[in-house]
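Each chain is listed here by its residues.
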Amino acid sequence: HSLSSSCAQPFTLTLTCSSTLLPLIHHSAYISAFHDTCLTPGILGLTSSTPAISATFIKQNWGGTPPNGLYWLKYASGSNTAFQTYIIFSRPDGPWVKAVQWNAGADMSAAAAVSAGGSWINAQVNLFPGKISTADINYLRGLTGATLWRVAGGGSTGSDPLMNSGAGALKIVFSYQPTWGTSYQPTTTQYYDYYLDMTNSGTYSYAYHYVPTQQAWCGHAAAIWISDHASPPGAGSGAISGYSLPPYSPVSICWTVAATSWWTNLHPWSGTATASGGSIAWGGTASSSAALFIAN
């Protein structure tokens, strides 16, 4: 049987009727995505030898919305090495590439990837540690400033209600991000916006615009990336048009991206009237984790 496409790079896919399917079609996504588009492993990022150049490129060439899951990427301006990770395509503001997951106190500060291709990439958030290479994180962080966070396991208390007790997702959009491995506090002109999705559905219910004031840090572990303390937030902070304020007040926050945990005092970002706690370490033990995605 022969199938043809009229895309910019035409191809013919010939399938021989036999008891053994061609390796090319072992992934069911090839079948569902065959919508008059150039479907090759190089575009779709489904093999290590033919990684995609970005998650957005996969989405643009899929012929519909790709399924969330594992894909291969290679950033020429990053490590220039193919790597596999989890990508979220279902959210309208993505795609989102999983970059780091803190768990079991594993150190995420090294330049090399941690547990490359390991179990940590098998879900949006689970209880395994890992990260992509720092070179690839630094490439991603310079694209949009948008990050997405998921948590599991209740943090260091085992029951913290952050992000609707882990059922939701928190988007933080930074006007500036330092390189990974740099301890950094935003200046008074480097604002950031918080958006809380209570059900991880792609719809944000609550949002707030923070203007930093460079207050003293909260005594968390040493930062390897961004850390800030906005209690209260600076002049110019406030609600974002089209979104409600979180139910808990005040909206004061403090957090630290550290080597072995993501530390949070994100009281209002439980999304409920019950505040998230102070000095909660996510990923410092085997029973909790925090996952960082970066828009691509």
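Because the structure is predicted, anything quoted here is derived from the model rather than measured. All residue numbers here refer to positions counted from 1 along the written sequence of the relevant chain. In view of the model being predicted, local features appear only for residues whose pLDDT reaches at least 70, and side-chain atom pairs are presented and counted only at 80 or more, with totals across whole chains, interfaces and linings using the full set of residues. The side-chain numbers reported here are obtained from all heavy atoms of the structure, hydrogens and water having been left aside.

**Here's the deal with the overall build of the protein**
Put simply, DSSP H or I for four residues or longer makes a helix, DSSP E for two residues or longer makes a strand, and each gets a number counted from the N terminus. Along the backbone of the protein there are 5 helices and 15 strands. When each of the 296 residues of the protein is scored for burial, the buried share is 51%. Pairs of residues are marked as contacts when any of their non-hydrogen atoms sit within 4.5 Å. For the protein, restricting intrachain contacts to residue pairs at least 6 apart in sequence, the fraction spanning at least 24 positions comes to 60%. Throughout this description, buried means an accessible area under 20% of the type-specific maximum (1.4 Å probe, protein chains only), exposed means over 50%, and partly exposed covers the range between.

**Focus: the pattern of salt bridges**
We define a salt bridge as a contact between a side-chain nitrogen of Lys or Arg and a carboxyl oxygen of Asp or Glu at a distance within 4 Å. Taken as a whole, this structure holds 3 salt bridges when the rule is applied. A salt bridge links Asp93 to Arg91; its shortest N-O distance comes to 3.9 Å. A residue is classified by how much of its surface remains accessible, and Arg91, at 2% relative accessible area, is buried.

**A few points about the pairing of strand S4 (residues 83-88)**
Among the 6 residues that make up S4, 5 are buried, leaving the element largely enclosed by the rest of the structure. At least two DSSP bridges between two strands are needed for those strands to be called paired. Examined bridge by bridge, strand S3 (residues 69-73) and S4 share 5 bridges and lie antiparallel to one another. Within S4, the residue paired with Gly69 across the bridge is Ile87. Relative to strand S5 (residues 96-103), S4 is paired through 2 bridges, and the arrangement is antiparallel.

**Re unusual backbone geometry**
Cis rather than trans, the peptide bond between Gly94 and Pro95 has omega equal to 5°. Residue position: Pro95 is located in the loop between S4 and S5. Here the amide bond leading from Ser231 into Pro232 is cis, since omega sits at 0°, within 30 degrees of zero. When you line up the elements, Pro232 lands in the loop between strand S11 (223-230) and strand S12 (253-258). Unusually for a residue other than glycine, Asn80 sits at a positive phi of about 60°. In this structure, Asn80 sits in the loop between S3 and S4.

**Side note on the packing of aromatic side chains**
Any two aromatic rings considered together are summarised by their centre-to-centre distance and by the angle between their planes. Under the pairing criterion, centres of Phe, Tyr and Trp rings, with the six-membered ring standing for Trp, must be within 6.5 Å; the plane angle then separates stacked pairs below 30 degrees from edge-to-face pairs above 60, leaving the rest tilted. Across all of its chains, the model carries 21 aromatic pairs by this definition. Ring geometry for Tyr194 versus Trp255: centroids 6.1 Å apart, planes at 70°, classification edge-to-face. With a gap of 61 residues between them, Tyr194 in strand S9 (residues 192-197) and Trp255 in strand S12 connect regions that are remote in the sequence. Look at Tyr194 and you get buried, because its relative accessible area is 0%. One aromatic cluster is present, formed by Trp102, Trp149, Phe174, Trp180, Tyr192, Tyr194, Tyr208, Tyr210, Trp225, Trp255, Trp262 and Trp269 through successive ring pairs.

**Description of the sheet that holds strand S14 (residues 280-282)**
As summarised here, the arrangement of the 4 strands in space is S11-S12-S13-S14, forming an open sheet in which the pairing is antiparallel. Looking along the sheet, the strands with just one partner apiece sit at the ends: S11 and S14. Strand-to-strand twist across the sheet, computed as the mean angle between neighbouring axes with direction ignored, equals 15°. Pairing between S11 and S12: 5 bridges, direction antiparallel. The residue of S12 that forms the bridge with Ala223 is Ala258. In this analysis an axis means a line fitted to C-alpha atoms, helices contributing only their contacting stretch, and an angle means the value between N-to-C directions, from 0 to 180 degrees.

**Re helix H3 (residues 55-62)**
Along an α-helix, residues three or four positions apart point the same way, because every turn accommodates 3.6 residues. Those residues of H3 not exposed but buried are Ala55, Ile58, Asn61 and Trp62. The buried side chains of H3 occupy one side of the element, clustering within an arc of 140° when seen end-on. Just downstream of H3 lies Gly63, where phi reads positive at about 85°. The arc under discussion is defined with respect to the helix axis, by the directions toward the C-beta atoms.

**Focus: the pairing of strand S15 (residues 289-295)**
Along any regular strand, the residues point their side chains to alternate faces of the sheet. Counting buried positions along S15 gives 7 out of 7 residues, so the element sits mostly inside the fold. Residue alternation in S15 divides its side chains into two sets, Ser289, Ala291, Phe293 and Ala295 and Ala290, Leu292 and Ile294, and both sets are buried. In this structure, S5 lies alongside S15, joined through 7 bridges in antiparallel fashion. Each bridged residue has a counterpart across the sheet, and for Val100 the counterpart in S15 is Leu292. Taken together, the 6 bridges between strand S7 (residues 146-152) and S15 define a ladder with antiparallel strand orientation. From the neighbouring strand, Trp149 faces S15, where its bridge partner is Leu292.

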